[in-house]
Number of protein chains: 4
Amino acid sequence: MKQIRIGVIGYGYWGPNLVRNFNDDSRADVAYVCDPQAAMLEKHRTRYKSVKFTSDLDELLLDKELDAVAIATPVDTHYSLAKAALEAGKHVLIEKPLCRTSSQGQELVNIAAERKLVLMVDHTFIYHGPIRLIKKLILQADLGEILFFNSVRVNLGNFQRDVNVLWDLGAHDLAIMDYLIGKRPREVFAIGSAHTDSQLADIAYLTMKFERDLIAHVNASWLSPVKVRQIVIGGTRRMIVFDDNSQVEKVKIYDKGIENMNLNLPTTASQIYSSRIQYRHGDMVAPVYDVTEALRVAVRHFLDCVTTGETPITDGAAGVRVVRMLEQADVSLASGKVTSYAAGNDDV
Amino acid sequence: MKQIRIGVIGYGYWGPNLVRNFNDDSRADVAYVCDPQAAMLEKHRTRYKSVKFTSDLDELLLDKELDAVAIATPVDTHYSLAKAALEAGKHVLIEKPLCRTSSQGQELVNIAAERKLVLMVDHTFIYHGPIRLIKKLILQADLGEILFFNSVRVNLGNFQRDVNVLWDLGAHDLAIMDYLIGKRPREVFAIGSAHTDSQLADIAYLTMKFERDLIAHVNASWLSPVKVRQIVIGGTRRMIVFDDNSQVEKVKIYDKGIENMNLNLPTTASQIYSSRIQYRHGDMVAPVYDVTEALRVAVRHFLDCVTTGETPITDGAAGVRVVRMLEQADVSLASGKVTSYAAGNDDV
Amino acid sequence: MKQIRIGVIGYGYWGPNLVRNFNDDSRADVAYVCDPQAAMLEKHRTRYKSVKFTSDLDELLLDKELDAVAIATPVDTHYSLAKAALEAGKHVLIEKPLCRTSSQGQELVNIAAERKLVLMVDHTFIYHGPIRLIKKLILQADLGEILFFNSVRVNLGNFQRDVNVLWDLGAHDLAIMDYLIGKRPREVFAIGSAHTDSQLADIAYLTMKFERDLIAHVNASWLSPVKVRQIVIGGTRRMIVFDDNSQVEKVKIYDKGIENMNLNLPTTASQIYSSRIQYRHGDMVAPVYDVTEALRVAVRHFLDCVTTGETPITDGAAGVRVVRMLEQADVSLASGKVTSYAAGNDDV
Amino acid sequence: MKQIRIGVIGYGYWGPNLVRNFNDDSRADVAYVCDPQAAMLEKHRTRYKSVKFTSDLDELLLDKELDAVAIATPVDTHYSLAKAALEAGKHVLIEKPLCRTSSQGQELVNIAAERKLVLMVDHTFIYHGPIRLIKKLILQADLGEILFFNSVRVNLGNFQRDVNVLWDLGAHDLAIMDYLIGKRPREVFAIGSAHTDSQLADIAYLTMKFERDLIAHVNASWLSPVKVRQIVIGGTRRMIVFDDNSQVEKVKIYDKGIENMNLNLPTTASQIYSSRIQYRHGDMVAPVYDVTEALRVAVRHFLDCVTTGETPITDGAAGVRVVRMLEQADVSLASGKVTSYAAGNDDV
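Residues numbered from 1 in each chain as written. Chains lettered and ligands numbered in written order. Predicted model: local features only at pLDDT ≥ 70, side-chain atom pairs only at ≥ 80, totals over all residues.

Asker: Report on the overall build of chain A, specifying residues and quantitative values.
Answerer: For chain A, the count of helices and strands is 10 helices and 15 strands. Counting every position in chain A, which comprises 348 residues, the buried fraction comes to 51%. Of the contacts formed within chain A by residues at least 6 apart in sequence, a portion of 68% connects residues at least 24 apart. (Helix = DSSP H or I, 4+ residues; strand = E, 2+ residues; numbered from the N terminus. Buried ≥ 20, exposed ≤ 12 C-beta atoms within 10 Å, placed from the backbone. Contact = placed C-beta atoms within 7 Å.)

Asker: Any chance you could break down the pairing of strand 2 (residues 28-34) of chain C for me, citing the residues and the numbers?
Answerer: Residue and element names in this part refer to chain C. Here strand 2 lies mainly inside the structure; six of its seven residues are buried. For strand 1 (residues 4-9) and strand 2, the ladder comprises six bridges, and the chain directions are parallel. Across the sheet, residue Val8 finds its bridge partner in strand 2, namely Val33. Examined bridge by bridge, strand 2 and strand 3 (residues 52-54) share three bridges and lie parallel to one another. Considered in strand 3, the bridge of Cys34 is made with Thr54. (Pairing = 2+ DSSP bridges.)

Asker: Go over the sheet that holds strand 5 (residues 91-95) of chain B with me, naming the residues and quoting the values.
Answerer: All names here are of chain B. If you trace the six strands from one edge of the open sheet to the other, you get 3-2-1-4-5-6, paired in parallel fashion. In this open sheet, the two strands that pair with only one neighbour each are strand 3 (52-54) and strand 6 (119-122). Taken pair by pair, the neighbouring strands of this sheet meet at an average axis angle of 20°, ignoring direction. Note that strand 4 (residues 68-71) and strand 5 share four bridges and pair parallel. Residue Ala68 lies in a different strand from strand 5, and its bridge partner there is His91. (Axes fitted to C-alpha atoms, helices over the stretch in contact; angles between N-to-C directions.)

Asker: Which residues make up the domain arrangement of chain A, and what values go with them?
Answerer: All names here are of chain A. Here the domain parsing of chain A yields domain 1 (4-123 + 294-315) and domain 2 (126-291 + 324-347). Elements represented by at least two residues in the side of domain 1 that touches domain 2 include exactly helix 5 (102-115) and helix 9 (294-308). When grouped by side-chain class, the residues that make up the side of domain 1 that touches domain 2 number seven nonpolar, six polar and two charged. (Domains from an automatic or database assignment. Nonpolar A, V, L, I, M, F, W, Y, C, P; charged D, E, K, R; others polar.)

Asker: Account for helix 1 (residues 15-24) of chain D, naming residues and giving values.
Answerer: Taken as a whole, helix 1 of chain D has its buried residues at Gly15, Leu18, Val19, Asn21, Phe22 and Asn23 of chain D. Buried residues along helix 1 of chain D sit against strand 1 (4-9), strand 2 (28-34), strand 4 (68-71) and helix 9 (294-308) of chain D.

Asker: Residue-level account of the packing of helix 6 (residues 129-139) of chain B against helix 7 (residues 165-181) of chain B, with values.
Answerer: Residue and element names in this part refer to chain B. With their axes 9 Å apart at the nearest point, helix 6 and helix 7 run at an angle of 30° to one another. As the angle between them shows, helix 6 and helix 7 are arranged roughly parallel. Residues Ile131, Ile134, Lys135 and Ile138 of helix 6 pack against Ile176, Tyr179 and Leu180 of helix 7. (Parallel < 35°, antiparallel > 145°, perpendicular 65-115°, else oblique.)

Asker: Quick one: what's the story with the sheet that holds strand 3 (residues 52-54) of chain D, residue by residue and with numbers?
Answerer: All names here are of chain D. Taken in spatial order, the six strands line up as 3-2-1-4-5-6 in an open sheet, and their pairing is parallel. The open sheet has two free edges, formed respectively by strand 3 and strand 6 (119-122), since each of these has just one partner strand. Taking each pair of neighbouring strands and ignoring which way they run, the sheet shows an average axis angle of 20°.

Asker: Just give me the short version of helix 10 (residues 316-335) of chain B, but keep the residues and values in it.
Answerer: Residue and element names in this part refer to chain B. For helix 10, which comprises 20 residues, the first-to-last C-alpha distance of 29 Å matches the rise-based estimate of 28 Å (1.5 Å per residue) to within 8%. When you tally the buried positions in helix 10, you get 16 out of 20 residues, the bulk of the element. Residue Gly336 follows helix 10 closely and has a positive phi angle near 70°. (Expected span 1.5 Å × (residues − 1).)

Asker: Report on the pairing of strand 6 of chain D, specifying residues and quantitative values.
Answerer: Along any regular strand, the residues point their side chains to alternate faces of the sheet. Residue and element names in this part refer to chain D. Of the two faces of strand 6, the one lined by Leu119 and Val121 and the one lined by Met120 and Asp122 are each fully buried. By the bridge criterion, four bridges tie strand 5 (residues 91-95) to strand 6 in an arrangement that is parallel. Within strand 6, the position partnered with Glu95 by the bridge is Asp122. Between the parallel pair strand 5 and strand 6, the chain is carried across by helix 5 (residues 102-115), and the sense of this crossover is right-handed. (Right-handed = clockwise from strand over helix to strand, strands pointing away.)

Asker: Please set out unusual backbone geometry residue by residue, giving values where relevant.
Answerer: For the bond from Lys96 of chain A to Pro97 of chain A, the omega torsion is -15°, close enough to zero to count as cis. With respect to the helices, strands and loops of the structure, Pro97 of chain A is situated in the loop between strand 5 (91-95) and helix 5. Cis geometry is adopted by the peptide bond preceding Asn158 of chain B, which originates at Gly157 of chain B and carries an omega value of -15°. Here Asn158 of chain B shows up in the loop between strand 7 (146-156) and helix 7.

Asker: Just give me the short version of the environment of Trp14 of chain C, but keep the residues and values in it.
Answerer: Examined against the element boundaries, Trp14 of chain C turns out to sit in the loop between strand 1 and helix 1 (15-24). C-alpha separation for the pair Trp14 of chain C and Leu60 of chain C, spaced 46 residues apart in sequence, amounts to 19 Å.

Asker: Can you lay out the environment of Glu327 of chain B for me, pointing to particular residues and giving the numbers?
Answerer: Residue and element names in this part refer to chain B. Checked against the element boundaries, Glu327 lands in helix 10. Sequence separation of Glu327 and Ser102 is 225 residues, and the distance between their C-alpha atoms is 7.8 Å. The residues touching Glu327, leaving out its near neighbours within four places in the chain, are Thr101 and Ser102.

Asker: Can you lay out the environment of Lys136 of chain D for me, pointing to particular residues and giving the numbers?
Answerer: Within the secondary structure, Lys136 of chain D is located in helix 6 (residues 129-139). Spatially, the C-alpha atoms of Lys136 of chain D and Ala329 of chain D are 29 Å apart, while their sequence positions differ by 193 residues.

Asker: Let's hear about the packing of helix 7 of chain B against helix 10 of chain B: which residues, and what values?
Answerer: Residue and element names in this part refer to chain B. Relative to each other, helix 7 and helix 10 sit at 125°, their axes nearing to 9 Å. Taken together, helix 7 and helix 10 sit at an angle that is classed as oblique. Crossing hand, helix 7 versus helix 10: right-handed. Listed contacts from helix 10 to Leu166, Trp167, Ala171, Leu174, Ala175 and Asp178 of helix 7 are Ala318, Arg321, Val322, Met325, Leu326 and Ala329. (Left-handed = near helix turned anticlockwise from the far one by under 90°.)

As structure tokens, then:
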């Protein structure tokens, strides 16, 4: 079987992980690593002796034998790089977030569709065993109706200089939320604070409201002494805690809740004394899940899609939805008001 | 020395704790427990054989030998009970929040001042060893300038039927924040969701912005599978995590931060690659603190104030400040907009 | 119904807990607290106004209306106090360990039997919700055949001056092991170290071997910077971790193991490479359990036994078995050799 | 500078880590990987395209340009492989434990000394940042006199077929203990249980006593539902907990102890009541430490020693000391008695 020839564009923080995973998959052949920083490339040249390291993007785009590119560069460069790659006929795997505006994103989606190329956004967590397990539990209705989604993603650094903390850390949570909840928010509110001259929020709180009182909240920060990666999802039947910092038992399913959510609550003082809501405190189960590295699964899925023409789970449309929520968050951050989520064509 | 005679009004969840702590302090004599629920009193009658259990409030108010009352009833009854007690010449220790409106609260403050009576709000956490230690660290400038205050107080239940989750759980965080930060917010924003017919928010997110980019956030919920009691405070020099669920080492001081908060950040893509912010990762210290039960310390302080005429740390004015923030939060919850914090006379 | 009149002998660390729990049970009437230390009693006199505090033991023994005594004094006094109480016709609840020698213990068992009095040892953990749950799981054969029992009970202090750390902390583990495993060890080995002039081991490791390769180990120490209360029990089908320091989820059941315990293992180097044992990694379940205070359950059970004549779960015979293992441990500690467990009449 | 040419012998569990770390060090050139299992090698051939994979050991030994070998094969093969390599003039880095008997080990030490070759045992933990930090604290006398060393190293699997669990997991603890304590035990006691037909202990408890009441204990098991990697070291001044499973703060230093270890303890019952030992409960500090991968540091140190002729920290003599303790443990396991540690020439 012919190998799929890949070029990795951007060799900063994430690029080496892409190279390692493509290199470990026998279906792929990493032909190029491309980065403007020649020095950074030099020290890695010895590790992968058969890869061509270059600072010349055209070398990749003009190589007719190159099937696909994986883009792991700063967000502001995503749109033009992805567009150039698609127009050169390459399949594209691109880091989150897809790009800076939903209209740019939609344009990329359209180009890929016209040319029948795969456009996959590397929403890596969607390929993480624990998240896939939670999706399965939700599909099986194990949680009942979902009441809330609460995510905390905080640590010290790494301050970005081109995007605020929601575009950096929060994008992960929005991708996960979009995947697990499968609904669009009605309202988006964001508030945050910037402690550096960049004026980019380094602490931000993003709240989204959905129909039927479902509320979602993301706490993202580059200014926390401790690293937290936790998502809590509450349903009428069960609640889930996903703690990605835990070495084992990352998913805990709580058989907990209140017996009757539609409470007819007494209001006089004496009634307040006389009745009691019943809470259900059942067992907790920490199920086993696939522990394969998420990026390895993502890379496999990308190679599958390239081979079969299948639409990726995290396709361009998913990328656009995440970018649209980030745009709305920016509007709210600037205005101090709740904003309505304006769905585009992708949401029909 | 003559003992201070106390009547405890309200014998639901918190009342028994007040009785136990006053009973254990040799300076106090618990003369009465008063509650409309005769049945509840009956089963406790044997435990404290010298206490008079009654459902008749006037019995307390008309007893000339009764020095003080401790009020632990539903919030809606606070104002009228406290007013009646003060007017009957009794010193008052009252559960948080002080009452339902800041104007009611201010009225209670005025009455107490006129009559030279102690009005102390039971903001219990202010008397908790870990919180007092953190206050001391802040006063010593160990944290540098404070950048953020982030609190999570969530658990399953207990749904209240008269107030939303911010008035119930969030009031603790506002009292702690008011004590530790010592500043008034400029802006208040709250958003939440109600999942029962009561239409009272059971999940709420409250964000406050102060001058100089200080941001505070409170996540309060009655709908969480796990109980969390955690406050993170970040300063330019050090950061603190207070985890009240931890059995030991509730306070952790992190010698962490970023070297230069006023970053002149490069903005071109090539610059983004070439420079790096420096993060400081120093030791963590978990200091010892006083482990005395907070309510015991609060009760002692109340007895001190009654004896000496000293103003309590958590006086009526502190109670009014907390109520005013809760009022602003309610306005924001209803309007979906950031609201300005309107300081009253207490904030001069 | 006539209340059962109780005298509590010994009012040091544990005595107040006994008084509180008997006082909270409507079937009991705490008539006396007896302790040689008059001063210690004085400060508690006000808390329980209807209890008679005395330093005169005979006052209790000669009171014909006194039904039972609870003994919470140093171990060396247990035998003579219990004997005197039984001979005065009182039912006896006595702190662990029952006494200093198994022959003394057997004598107490015999006296109680002759006089048809209840003799119950306060092996408190046997009445602890998590332990009762684990017993139930074992009885249901959920664990399969038990392979090992491993307990760690360490903390800083409290150094005892009359017994070594096994008689103090280890006695709990032996009581739990005796209850859960229900078998007698064949061999006992103990090794330890004493770091004070008392020459009493403050760190000790106790290992017991049972038939069919079941091994039990107790690590007991007064010299640990952290407090640990953990028991791990492994069976062929499931394994359990009981962590009493955890605030919630004290019991975790692991569906883990190795597929075939009777492995026919290859021994040549090439075979070592070529085969692989299969491990089973299934879900973990943290079940709900009764959270009632263990001593409250123990006190209720004692009152039940006094009322009905029923034999306590932790009867004198259970107390003797624990003392016998402690005796064997002392022999091993002194000799540096494994000792055989010599079962007495109680083990028929 | 000429690179040091390395051959890695054994490509099972640990071999790939050796290859990766040597490959990442610019001073080294991994010339060969040698393993009898041709199939296993095949799948890795593509990862390191410049390495020669072979099943023929002689190819390495006869290559005059090969400077050193790293041996990561089953223990039983260590002695003959290391001897052959040393006799072929190669420097040797060898997995722990050095070999099966201390006399074999001493022979290897002698051969290396005669030929002026480096013989380094890969006691990896000695190169682990946290352990090096603890060594520094001990050298600075921060702990005072050491009272105990307690290690727990348990998990589910991997059952070895050639050695018992002490030779596998326990060897790490003995290497760490030897490095940190720097003394030889006077007495060794081991007890364990084998639950498979291999008759090799899969659960074992090893206790060693040193002069001045220092006691060390190792709990090693392949049959635990949870993975634990914890060492507690107690001194008269401070105590340390090293938890290698913690993602951060692996080292915690407790300023705790008892005020006077040479207690003149009262012995009469009334004295037991009247006096109290004082415990010191000070702050806990979790210091920063070097987070470089331990094996990377070990590999660097080996390359340093090969280059300079310096004696490795974990030289052959250290390897012999660990093997000698394991031998004594086996004697004790078989006899059920405490055995005396017989020091050899290396301990003069």
